[in-house]
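Structural features, examined
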Amino acid sequence: MDRSSDLLLCIRDVYKIYVMGGQEVRALDGVSLDVHVGEFVAVMGPSGSGKSTLMNLIGCLDVPDSGSYLIDGAEVSTLDEYELARIRNKKIGFVFQGFNLIARTTALENVELPLMYGRQKNRTERATAALTRVGLGDRLDHKSSELSGGQQQRVAIARAIVSQPRLILADEPTGNISTLQSEEIMQIFQELNEDGVTIVMVTHEEDIARHCKRRVEMRDGQVVSDQPIENRLLAKDVLLELKKPRESKVSVLLPGA
Amino acid sequence: MAVIEYFRLAIRSLNSNKMRTALTMLGIIIGVAVTILVVAIGQGATKSVTDQINGLGTNLLMIRQGPREMRLTAASRNAPAQSQNTLTLLDSRTIAKQFPESILGVAPQVRGNVQVRLNGANATSTVLGSTPEYLVVNNFTMRAGRFFTNYEDQGNLKVCVVGNTVAENLTGKGETDLTGQILSVNKSNYTVIGMLAPKGTGTGGPDPDDVVMMPITPAMQRVLGVKNISGISIACTSPEMMPLAQQQITSLLRQRHHLHPPFPQNDDFQVMNQTDLLARSQSVTGTMTSLLTAVAIISLIVGGIGIMNIMLVSVTERTREVGIRKAIGATPRDILMQFLIEASIISVLGGIIGVVCGVLGTILLASIAGWSTMVSPTALGIALVVSASVGIFFGIYPARKAASMNPIQALRYE
Ligand SMILES: Nc1ncnc2c1ncn2[C@@H]1O[C@H](COP(=O)(O)OP(=O)(O)O)[C@@H](O)[C@H]1O
Ligand SMILES: [Mg+2]
């Protein structure tokens with residue numbers, strides 16, 4: 001199968017070196033990675049191995065010190081701030097570990113923002129649709145302080161998908177929330193991936209990574225392993241499992257059942 | 001992104017931080033209100049002085065002591081210092097006799113502060129000595145009784161005519177008629193023979209009704225003990241005759257005072273017409289206006305620095321928000337505009353509220369203190385434009401700071 005035509009991300013020999021107090025930190029130390037359309041990649045590795053730095057680079061929030069990075073065939077290092085902002089707005093949806101919603105602002109307003117910056121029309125309808133898709137159709141006017149961690153993360157996902165980007169980047173999206181809520185989020189990601197959205201996700205949880213299709217392992221700024229995932233978990237099934245014991249308990253308690 | 005969207009963003013953000021917004025606005029509100037108030041007072045004062053001078057009539061000349069130039073300038077400081085107290089009653093009488101074709105009436109004047117007393121009540125007032133011509137020359141009328149006569153002047157008789165404010169100060173009642181009563185002026189008794197019709201104040205200047213008038217001879221000899229008069233008012237026969245009268249008086253006085261060229265540097269008197277008086281008052285009010293304007297500008301700048309201060313704090317506080325906005329596609333321009341429009345809304349809204357406060361304050365001041373004020377639409381417009389500019393000017397630095405933030409560092413900011 002010829003896959004060069006649907007090559008979405010092409011990272012070649014990328015370096016990113018920080019100097020902190022006279023000491024060199026090689027956050028990315030010669031990373032090369034290809035991601036094709038429709039992939040679902042888990043980036044794993046210990047803390048400080050350069051995962052977030054790589055995600056920021058892929059997300060066009062940062063440019064490498066050296067090496068080449070093409071997104072959709074465009075060399076990112078040649079783009080100016082405005083073109084980078086445009087790519088972030090149109091092609092990429094970001095989900096962060098800290099939810100990163102704008103404070104004192106409703107879910108709907110948060111989700112409308114990318115459309116606003118992208119000069120899109122029908123914002124309210126599209127934002128409402130995105131929120132409905134992540135199961136928050138009834139929480140449109142809630143401020144972030146009025147939502148649970150899992151709900152806030154779903155608002156962030158709605159914001160990431162509202163401009164229908166081809167790529168979703170998630171940096172430890174399940175880092176701060178419960179197992180059940182994590183599973184719900186993975187279900188949304190799996191559905192999006194089914195629809196053809198490419199997803200690159202950082203996680204340090206083995207259980208979460210098993211929902212993806214490919215696992216990239218990093219250490220000290222380098223990719224140390226890159227393998228397809230066997231025995232993939234489907235969030236739909238896991239959720240069913242998670243809810244089952246309670247249902248069986250209920251059925252036990254029901255007289256005559 | 002359309003400008004209306006920036007407005008929506010800015011309003012939303014200002015709305016979610018009402019306290020901060022209100023406090024920032026306060027600086028601008030005070031600045032603009034002070035400006036409006038100060039300009040209204042300045043213009044009101046200018047207008048009342050101008051009205052007063054215009055009210056003098058177009059064929060009035062005034063002769064005053066001293067050189068034409070202001071004594072503050074270096075040139076006149078070197079000039080002979082004995083150029084004071086030179087105008088005499090004889091000067092006035094000579095002028096009155098010499099030029100009947102150009103001059104209608106001549107009223108010499110002498111002024112001084114006095115202590116007045118009536119039935120045990122005390123007050124300070126101004127004594128104004130003149131001749132019967134004063135009524136005609138200065139457009140005065142009587143409310144009760146009569147004005148003094150030449151006979152009373154020549155006889156050095158102890159009579160006086162009283163202004164409304166004096167009567168009110170002494171009796172505690174307005175519209176009092178003191179005719180026939182005995183008024184003590186600097187411990188000497190004078191018979192009140194009439195009341196002056198009120199000229200009214202509303203000027204912010206000296207009260208023209210706070211005056212005790214008497215014939216010039218007793219005023220000079222008995223009350224004030226002076227040998228010179230302080231000025232002469234002259235009514236000309238017609239406006240066309242004024243230049244001639246001015247010239248005739250000038251050469252007569254130069255001759256009488258034995259003055260030598262160069263003129264007008266060596267003149268020890270000034271002959272002024274309405275235009276001269278206007279020019280002179282305008283130079284005074286001009287100085288006052290620039291002083292008040294400086295105060296207003298400083299208060300606006302202080303307000304602007306307040307905006308900058310709060311906006312800088314706000315940018316730091318919202319570092320993470322800026323990071324999020326950039327991550328989802330906001331351009332540096334988007335961020336710049338949001339913060340800049342926030343600052344502009346604060347200053348324009350503050351400006352409008354300030355204008356309202358300033359106008360209300362002006363009205364209040366006019367009604368309570370009785371100052372004459374004048375709110376000009378130009379001043380309102382300028383105050384608004386300046387406050388908006390101040391907001392934009394002082395908003396630019398914080399806005400640029402926000403716009404140029406590195407998105408990753410902004411996102412990592414705690
Ligand atoms: N802005 C920065 N300045 C200095 N050092 C940085 C910066 N960003 C990341 N680093 C360093 O680069 C290394 C990789 O960081 P990061 O990509 O955040 O790791 P991970 O997400 O895998 O935990 C770390 O040692 C971190 O301290
Ligand atoms: Mg990280």
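Just so you know, these numbers come straight off a predicted model, no measurement behind them. (Residues numbered from 1 in each chain as written. Chains lettered and ligands numbered in written order. Predicted model: local features only at pLDDT ≥ 70, side-chain atom pairs only at ≥ 80, totals over all residues. Heavy atoms only, no water.)

1. Comments concerning the overall build of chain A
The helix and strand tally for chain A stands at eight helices and 10 strands. For chain A, with 257 residues in total, the buried portion stands at 50%. Across chain A, contacts joining residues at least 24 apart in sequence account for 70% of those joining residues at least 6 apart. When the accessible surface of chain A is split by element, carbon and sulfur atoms take 49% of a total near 12,100 Å². (Helix = DSSP H or I, 4+ residues; strand = E, 2+ residues; numbered from the N terminus. Buried < 20%, exposed > 50% of the residue type's maximum accessible area, 1.4 Å probe, protein only. Contact = heavy atoms within 4.5 Å. Areas by Shrake-Rupley, 256 points an atom, 1.4 Å probe, with all protein chains shown as cover.)

2. Looking at the interface of chain A and chain B
Contacts between the two partners involve 23 residues from chain A and, on the opposite side, 24 residues from chain B. With both sides pooled, the region where chain A packs onto chain B buries about 2,400 Å², and carbon together with sulfur makes up 59% of that total. At the boundary of chain A and chain B, one finds three salt bridges. B:R12 is the partner of A:E109 in a salt bridge, and the nearest nitrogen-oxygen pair spans 3.4 Å. At the junction of chain A and chain B, the tally comes to seven residue pairs in polar contact (both at pLDDT 80 or more). Of all the secondary structure elements, the ones that give two or more residues to the side of chain A that touches chain B are helix 2 (81–90) and helix 3 (107–117) of chain A. Its residues placed into classes, the side of chain A that touches chain B shows 11 nonpolar, four polar and eight charged. (Buried area = accessible area lost by both parts, 1.4 Å probe. Salt bridge = Lys/Arg side-chain N within 4 Å of Asp/Glu carboxyl O. Polar contact = N/O pair within 3.5 Å; in protein donor to acceptor, adjacent residues only side chain to side chain. Nonpolar A, V, L, I, M, F, W, Y, C, P; charged D, E, K, R; others polar.)

3. Notes on the packing of aromatic side chains
Applying the stated criterion to the full structure yields four aromatic pairs over all chains. Ring centres 5.0 Å apart and planes at 0 degrees place the aromatic pair A:F94 and A:F96 in the stacked group. Side by side, A:F94 and A:F96 carry an identical accessibility label, which is buried. Sitting over the ring of B:Y190, B:K158 keeps its end group 5.7 Å from the ring centre. (Phe/Tyr/Trp six-rings, centres within 6.5 Å; stacked < 30°, edge-to-face > 60°. Lys NZ or Arg CZ within 6 Å of the ring centre and 35° of its normal.)

4. Focus on the site of ligand 1
Around ligand 1, the surrounding shell holds 13 residues, and the nearest of these are A:G48, A:K51, A:S52, A:T53 and B:R412. More than a single chain frames ligand 1: its nearby residues are located in chains A and B. Within the contact set of ligand 1, an oxygen atom lies 2.7 Å away from a backbone nitrogen or oxygen of A:G48. In this structure, an oxygen atom belonging to ligand 1 sits 2.5 Å away from a side-chain N or O atom of A:T53. Calculation on ligand 1 without its partners gives an accessible area of 550 Å², and the protein chains cover 77% of this total. A molecule is said to occupy a pocket when more than half its atoms come within 2 Å of that pocket's grid points, and by this definition ligand 1 occupies the second largest pocket. Elements that contribute at least two residues to the shell around ligand 1 include exactly strand 1 (7–20), strand 2 (23–36) and helix 1 (51–58) of chain A. Ranked by the residues each element gives to the shell around ligand 1, the list is headed by helix 1 of chain A, at three residues. Among the residues making up the shell around ligand 1, the classes are represented as five nonpolar, six polar and two charged. (Near = heavy atom within 4 Å. 1 Å grid on protein atoms, 1.4 Å probe; cavity = no way out; pocket = protein on both sides within 12 Å on 5 of 7 lines; lining within 4 Å. Sits in = over half its atoms within 2 Å of the grid points.)

5. A few points about the environment of B:S233
All names here are of chain B. With respect to the helices and strands, the residue S233 is situated in strand 9 (residues 231–236). Residue classification places S233 among the buried positions, given a relative accessible area of 2%. With 125 residues separating them along the chain, S233 and P108 place their C-alpha atoms 6.3 Å apart. When neighbours within four sequence positions are excluded, S233 is seen to be in contact with L60, L61, M62, G105, V106, A107, Q109, V137 and N138. Only 2.4 Å separates the side chain of S233 from the side chain of Q109, close enough to count as a polar contact.

6. What about the sheet that holds strand 2 of chain A?
Residues and elements named next belong to chain A. A sheet is described by the order of its strands in space; here four strands give the open sequence 2-1-4-5, paired in antiparallel fashion. Each edge of the open sheet is held by one strand with a lone partner, namely strand 2 and strand 5 (74–75). Two elements, strand 1 and strand 4 (residues 66–71), share five bridges in a ladder whose sense is antiparallel. Bridged to L9 within strand 4 is I71. (Pairing = 2+ DSSP bridges.)

7. Structural notes on unusual backbone geometry
B:P262 follows B:P261 through a cis peptide bond whose omega is 5 degrees. With respect to the helices, strands and loops of the structure, B:P262 is situated in the loop between helix 9 (242–256) and strand 10 (269–272). Although it is not a glycine, A:Q164 adopts a positive phi angle of roughly 50 degrees. Overall, the relative accessible area of 63% leaves A:Q164 in the exposed class. For B:K187, which is not glycine, the phi dihedral falls at a positive 70 degrees. Mapping B:K187 onto the fold places it in the loop between strand 6 (182–185) and strand 7 (188–196).

8. Section: the nonpolar core
Core analysis: the largest hydrophobic core is formed by 71 residues, its most contacted members being A:L9, A:L167 and A:V200. Sort the elements by how many residues they give to this core and helix 12 (residues 332–368) of chain B lands first, with nine residues. Setting aside chain neighbours within four positions, we find A:L167 in contact with A:L8, A:L9, A:I58, A:I71, A:K91, A:I92, A:G93, A:V197, A:T198 and A:V200. (Core = buried A, V, L, I, M, F, W, Y, C linked by side-chain atoms within 4.5 Å.)

9. Section: the sheet that holds strand 8 (residues 198–202) of chain A
Residue and element names in this part refer to chain A. Taken in spatial order, the six strands line up as 6-7-8-3-9-10 in an open sheet, and their pairing is mixed. For this open sheet the edge positions go to strand 6 (92–95) and strand 10 (222–228), each flanked by a neighbour on one side alone. Here the strands of the sheet are splayed against their neighbours by 15 degrees on average, with no regard to which way each runs. The sheet contact formed by strand 6 and strand 7 (residues 167–171) spans four bridges and is parallel. (Axes fitted to C-alpha atoms, helices over the stretch in contact; angles between N-to-C directions.)

10. Regarding the environment of A:D195
Of note, A:D195 is situated in the loop between helix 6 (179–194) and strand 8. Since its relative accessible area comes to 54%, A:D195 is described here as exposed.

11. Description of the side chain of B:S344
For B:S344, the position within the fold is in helix 12. Of the polar contacts made by the side chain of B:S344, one reaches the backbone oxygen of B:L340; its length is 2.7 Å.

12. Focus on helix 4 (residues 123–133) of chain A
Think of an α-helix as turning once every 3.6 residues; residues three or four places apart then point the same way. Of the residues making up helix 4 of chain A, those classed as buried are A:R123, A:A127, A:A130 and A:L131. Buried residues in helix 4 of chain A, looked at end-on, bunch into an arc of 95 degrees, giving them a common side. Against helix 3 and helix 5 (149–161) of chain A together with helix 1 (3–15) of chain B lie the buried residues of helix 4 of chain A. Positive phi appears at A:G135, one or two residues downstream of helix 4 of chain A, with a value of about 85 degrees. (Arc of directions from axis to C-beta.)

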